[in-house]
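The residues making up each chain are set out below.
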Amino acid sequence: MESKRLRDCSLFRLAVFVVLPVLIVVAMCGRGNYYSAMVCTFAINVLLAASLNLVNGFSGMFSMGHAAFMAVGAYISAFLTLSPTQKASMLPGLPQWLTNIQIPLLPALLVAGIAAAFVAVLIGIPVLRFKGHYLSVATLGLIVIVRAVLDNSDSVTNGPRGITGLPNLATPTLIFAVLMVSLFIMYRLIRSSYGRGLIAMRDDDVAAQSLGINLTSKKISIFCISAFFAGVAGAMWGHNQTVISGQFFYFNMSFKVVQISIIGGMASLSGAAVGALFMTFVPELLAPLESGFNLFGMAIPSLYGISNIIMAVFLILVIIFRRQGLLGSSELLLESWFSGSTYTSLFKKSEYQELAAAIRGKFNRKQT
Amino acid sequence: MSASYFISQLVNGLRLGSVYAIVAVGYSIVYGILRLINFAHGDIMTIGVYVMLMLMTTIGMPLWAVVIVSVVVSVFAGVLIERLAYRPLRSANEEATLISSLAVSTLLQNLLQMIFSPQKRAFHLPEFFSVRHDIFGIQLSTMNIMTFVAVAVIVIALTFVVQKTKIGTAMRACSENLDAARLMGINPNKVIVFAFAVGSGLAALAGLMLAGEYKTIDPLMGFVPGLKAFCAAVVGGIGSLYGAVLGGLVIGVAEMLFAGLMPTSVTAYRDAFVFVVLILVLLVRPNGLLGQSEGGRS
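Residues numbered from 1 in each chain as written. Chains lettered and ligands numbered in written order. Predicted model: local features only at pLDDT ≥ 70, side-chain atom pairs only at ≥ 80, totals over all residues.

## Details of the overall build of chain A
Broken down by element type, chain A carries 18 helices and four strands. Across its three principal directions, the C-alpha atoms of chain A cover 75 × 70 × 45 Å. A buried classification covers 45% of the 368 residues belonging to chain A. A sequence separation of at least 24 residues applies to 80% of the contacts in chain A between residues at least 6 apart. (Helix = DSSP H or I, 4+ residues; strand = E, 2+ residues; numbered from the N terminus. Buried ≥ 20, exposed ≤ 12 C-beta atoms within 10 Å, placed from the backbone. Contact = placed C-beta atoms within 7 Å.)

Have a look at this one:
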């Protein structure tokens, strides 16, 4: 009898794709601030890249303005979660009603996302008529415009000094919960008829239009949805770092998100996770190079910026040798995470039998 | 506001616009052939400036020799980047080369920061360049005059090259249709290398003008002017030589007039203003001011 492949067994998926990552995250969070901060950065990067993939990978536009939406989200959420006394001293230009309210982070995230989506509509209506490179440059322009506004409206944003002392509300649990819900929404979205329409538009916009897909509304709506999640991610980023200012949300941040999305694979939501895994942890591993170290008695001088250089070279190599990114357009984890059968398999006897058969099959193949 | 203030702002704008124009020409000829926004173009400008600084402060070479060496180094850098990062992607789509150029830009910026430290450095040209001349009542420094002359010379020389020489004809053919040009026996790689060489050399010259004006340089100085120059190329109509020059002048003048004439509360938005101009121009004329067919809009 031909047994299932091991990786097709629901129980195997549950163990390797669901339980194992959760255990790793929990273990890392338990090891102290340094590790839990890294895990949080990772989760936020996943959300950023996945939301960018909605636009760049699934709908065939090429936006590079994610940092702008992050900035909007971060500032709006900061307005809502800071205490009235902090706001009164730091941001005297805020309207009175905004100074007085203080709400928990979760509703603030929602408002932040909506604000970012609103900005996306405003900018999207003129800009999304451009194609290809023109759109990319216009979205870069959006970053410059947002940065200029943040740096120059002193009384509302505290100018280039930025806002300090944000409440540290973005705990790992909250970040991962938000990430999971967001990924679930995005995953269902691209598997819906709306998502298939998007992919059709990406592959051939004329053909898609002739089949009755309204390109303009598709483009603007997906741009908005993407900006919504970018705003949420920016808000979490702000509450994780507790300091925000215009300089954080500039080209570097946007390029980093684009880099994550390219390395992982633009047309895959789980690609965002793979890319974020690389882009969060590899620079950490390379950090010793930046400050100089001792190699077999040889003193290596500190090389400022070397990890960025290595990541840039890595990006060029990925683009040259694996253009579609590491994952291409395949999904790795999300199918297991978001399908009910993965979880119900725990209670089904047949699943255990299948797993046993698959393991046996694996061993038999090895022997022959 | 007096007329002389307006005129001096206008002259400043034309001066800045000339620098943009020189960079934009480089963008435009590369984009015309490859459909590639070379984000690293601005950073090649930075390389050129740092080479000049090093040669002037450590060896003390005369300026004309410094400029020649720096142009040669920049040309070499541009061609090398094309060979390593863009040629393997010849068959790829637009986004792939865009990302590659972005990565090259990050790489160069960090490399420059690693070698020269991220600090700003003073960049002083000989006194001769800042001497003021009075021409028809307008104050112009030697540097300003040289910038204007340089733009004029570059435009005339490039017009000659593009219209009259064999390689120029090949360039026009390639920007019209790369595949058809290949079938006509043109080696596109040669043309592309030539385009990168010309663009990079011009970028180094523009860097000299920019650094001479600001008096300080840093490893990230090239990126935003590079981006604005690309805006200029798009505003003028990308792929067109005169369009790039016109776009550069329009953006430069608009930026300086905005900075000089608007109330101080909004002048800090001058970088943002450039992009607003870009978006507005593209909405009215999707192919830019002098652009012809094949626009950026669906």
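Following the structure, the description resumes.
## Things to note about the interface of chain A and chain B
With 35 residues of chain A in contact, the opposing surface of chain B contributes 35 residues. Secondary structure elements with two or more residues in the side of chain A that touches chain B: helix 6 (105–127), helix 7 (132–152), helix 13 (251–264) and helix 15 (306–321) of chain A. Top element by residues in the side of chain A that touches chain B is helix 7 of chain A. It accounts for 13 residues.

## Some remarks on the packing of helix 9 (residues 223–236) of chain B against helix 12 (residues 270–284) of chain B
For any two helices packed against each other, one specifies the crossing angle of their axes together with the interaxial distance. All names here are of chain B. At a closest axis distance of 10 Å, the pairing of helix 9 and helix 12 adopts a crossing angle of 20°. Here helix 9 is positioned roughly parallel relative to helix 12, judged by the angle of their axes. Between helix 9 and helix 12 the crossing geometry is left-handed. Every residue of helix 12 that contacts helix 9 at V224, K228, C231, V234 and V235 is listed here: D271, V274, F275, V277, L278, V281 and L282. When the residues that make up the contact of helix 9 with helix 12 are grouped by side-chain class, the tally is ten nonpolar, no polar and two charged. (Axes fitted to C-alpha atoms, helices over the stretch in contact; angles between N-to-C directions. Parallel < 35°, antiparallel > 145°, perpendicular 65-115°, else oblique. Left-handed = near helix turned anticlockwise from the far one by under 90°. Nonpolar A, V, L, I, M, F, W, Y, C, P; charged D, E, K, R; others polar.)

## Side note on unusual backbone geometry
Residue and element names in this part refer to chain A. Phi at N158 is positive, roughly 65°, even though this residue is not glycine. For N158, the location among the structural elements is in the loop between helix 8 (154–157) and strand 1 (163–164). Since 23 C-beta atoms lie within 10 Å of it, N158 is described here as buried. Backbone geometry at T242 places phi at a positive 65°, although glycine is not the residue there. Following the sequence through the fold, T242 ends up in the loop between helix 12 (215–241) and strand 2 (243–244). We classify T242 as partly exposed; it has 15 C-beta atoms within 10 Å.

## What to know about the environment of I163(A)
Residue and element names in this part refer to chain A. For I163, the location among the structural elements is in strand 1. As a C-alpha pair, I163 and S336 span 173 residues in sequence and 40 Å in three-dimensional space. Discounting residues that sit within four places of it in the chain, I163 has contacts with A78, M90, N158 and I244.

## A short note on helix 12 of chain A
All names here are of chain A. The end-to-end C-alpha distance of helix 12 is 38 Å, a good match for the 39 Å that 27 residues give at a rise of 1.5 Å each. Across the 27 residues that make up helix 12, a large majority, 21, are buried. Where helix 12 terminates, the next one or two residues include T242, which has phi positive at roughly 65°. (Expected span 1.5 Å × (residues − 1).)

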